[in-house]
Amino acid sequence: MRSVFVFPAAGQAETAALLDRHCPQQRDPWLLAGCLYAGIDTEDVGHLYLDWEPEGVAALTAALGRRPGWAVQVDVSGRVDGTAEIRWLVGLLLEAGGVAMDDYSDHPWTLPEIESDTVVDGLGFFDFRT
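Residues numbered from 1 in each chain as written. Predicted model: local features only at pLDDT ≥ 70, side-chain atom pairs only at ≥ 80, totals over all residues. Heavy atoms only, no water.

### Let's talk about the nonpolar core
- Core analysis: the largest hydrophobic core is formed by 27 residues, its most contacted members being Val6, Val72, Ile86, Val90 and Phe125.
- Going through the elements one at a time, β1 (2-8), α1 (12-22), β2 (30-32), β3 (36-42), β4 (70-76), α3 (83-93) and α4 (111-115) are the ones with two or more residues in this core.
- If we skip the residues at most four places from it in the chain, Val6 touches Ala71, Val72, Val74, Val90, Leu93, Leu94, Val99 and Ala100.
- With 10 residues, the next largest nonpolar core counts Phe5, Val57, Leu60 and Ala71 among its residues. (Core = buried A, V, L, I, M, F, W, Y, C linked by side-chain atoms within 4.5 Å. Buried < 20%, exposed > 50% of the residue type's maximum accessible area, 1.4 Å probe, protein only. Helix = DSSP H or I, 4+ residues; strand = E, 2+ residues; numbered from the N terminus. Contact = heavy atoms within 4.5 Å.)

### Notes on the side chain of Thr42
- With respect to the secondary-structure elements, Thr42 resides in strand β3.
- In this structure Thr42 comes out as buried when scored by relative accessible area, which is 16%.
- Those residues in contact with Thr42 that lie beyond four places of it in its chain are Gln12, His47, Leu48, Gly69 and Trp70.

### What to know about helix α2 (residues 54-64)
- For α2, the complete set of buried residues consists of Gly56, Val57 and Leu60. For α2, the angular spread of the buried residues around the axis is 100°, confining them to a single face. When the buried face of α2 is taken as reference, the exposed residues oriented beyond 90 degrees from it are Pro54 and Ala62.
- Immediately downstream of α2, the backbone of Gly65 shows phi near 80°, a positive value. (Arc of directions from axis to C-beta.)

### Concerning the packing of α1 against α3
- Remark: α1 packs on α3, axes separated minimally by 10 Å, with the N-to-C direction vectors making an angle of 135°. Comparing their axes, α3 and α1 come out oblique. The handedness of the crossing between α1 and α3 comes out as right-handed. Each of Thr15, Leu18, Leu19 and His22 in α1 lies in contact with α3, whose residues at this interface are Trp88, Leu89, Leu92 and Leu93.
- Here the residues of the contact of α1 with α3 are counted per class, giving 6 nonpolar, 2 polar and no charged. (Axes fitted to C-alpha atoms, helices over the stretch in contact; angles between N-to-C directions. Parallel < 35°, antiparallel > 145°, perpendicular 65-115°, else oblique. Left-handed = near helix turned anticlockwise from the far one by under 90°. Nonpolar A, V, L, I, M, F, W, Y, C, P; charged D, E, K, R; others polar.)

These results come straight from atomic positions and should not be treated as a statement about function.
Structural data, given as structure tokens:
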């Protein structure tokens, strides 16, 4: 599995409602596009930041001006590419702002960066091929 953490500007309840609208059959984890498993993780109850490098947490905190207490963790099945599907879901979750972080860099990706295929330190968003 490959993971992406999404830190939406929208609130936690609003984000859960958005996921419910796109996946009414199942909740926590939500199964979206047949290959994305999304769940809300929190720092106080869940495992958010448990395996993160300090540089990643510092970059996220700097990008948002605070250390978020929750995120949507999206796991992408290893049996599919998943690029189009993760970009679609991240686009939904970041429509009102926020950032996403993937397994491949410590860069907090904004939606405009993802949509424009920005490259930072030789990597793009969800750039598992590089």
